[in-house]
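# What the coordinates show
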Amino acid sequence: MKRSIIDFIRWSGEIGVLAYRHPKANISKYAKLQVNEAQEAVIIVNGTKSQKFGPGQYDMDSPNLPILRAFYGIPFGGENPWTVQAWFVNKLTPKDVDWGISGFPIFDQTFQAQIPIAAQGKYGITVSDPEKFIMKLAMGYPGDSDGGVNVTADDFTEQLRGELTSKTKS
């Protein structure tokens, strides 16, 4: 990733991605934030939600001064202690997310035997509260090689797997 004095933070969006964390973790003061239509951005400062932005372009107000932010980390082994992250939440609602529960045995009283059962289907996702979605689900996802994080519909389905399994069995 290129170094810059003032950051320009944006995400063009991607089908199937519910939330995306920009790879830069120490966004500078005066950074420009661009939020596209069908997106909301949530800014996390030091692990706590700070602000939410709808579509538009904004000037950020972060504790990281542009030229000094590299020096902030010197006493901390090179890690900047003032983290400022930008999460983007995709407001498009996928309606065709597949789910499935592999075979599990059910005891049938009539035949006095174990019968293997499987279930599958599709569901849709609508993120109505982006802040809650980020804080409760997405914050724990590990980053990829460039430091960004994609939370996909499949990741969300995996989080629901236990609940889907118990409701299917009941």
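An account of the accompanying structure is given in this report.

Reading the values: the criteria
- Residues numbered from 1 in each chain as written.
- Predicted model: local features only at pLDDT ≥ 70, side-chain atom pairs only at ≥ 80, totals over all residues.
- Heavy atoms only, no water.
- Pairing = 2+ DSSP bridges.
- Helix = DSSP H or I, 4+ residues; strand = E, 2+ residues; numbered from the N terminus.
- Core = buried A, V, L, I, M, F, W, Y, C linked by side-chain atoms within 4.5 Å.
- Buried < 20%, exposed > 50% of the residue type's maximum accessible area, 1.4 Å probe, protein only.
- Contact = heavy atoms within 4.5 Å.
- Axes fitted to C-alpha atoms, helices over the stretch in contact; angles between N-to-C directions.

Turning to the pairing of strand β5 (residues 48–53), a few remarks are in order. Two elements, strand β4 (residues 39–45) and β5, share 5 bridges in a ladder whose sense is antiparallel. Paired with valine 45 across the two strands is threonine 48, which belongs to β5. Linking β4 back to β5 in an antiparallel pair, the connection comprises 2 residues, with asparagine 46 at a positive phi of about 50 degrees.

It is worth spelling out the nonpolar core at this point. Within soluble globular proteins, side chains that are nonpolar tend to cluster in buried spots. Core analysis: the biggest nonpolar cluster contains 21 residues, and Ala19, Trp87, Trp99, Ile125, Phe133, Ile134 and Val151 have the highest contact counts within it. Elements with a contribution of two residues or more to this core: β2 (17–21), β4, β7 (84–90), β8 (97–108), β9 (113–123), α2 (130–136), β10 (149–152) and α3 (153–169). The element that contributes the greatest number of residues to this core is β8, accounting for 4 residues. Those residues within four positions of tryptophan 99 in sequence are excluded, and the remaining contacts are Ala119, Gln120, Gly121, Lys122, Tyr123, Thr157, Leu164 and Thr168. Membership of the second largest hydrophobic core comes to 15 residues, among which are Leu33, Ala41, Met60 and Val84.

Attention now goes to the sheet that holds β10. Pairing in this open sheet of 5 strands is antiparallel, and the strands run β5-β4-β7-β2-β10 from one edge to the other. Across the chains shown, the open sheet's two edge strands, defined by having one partner strand only, are β5 and β10. Across the sheet, the mean angle from the axis of one strand to that of its neighbour is 20 degrees, orientation sign disregarded.

Just distances and angles here, no functional claims.
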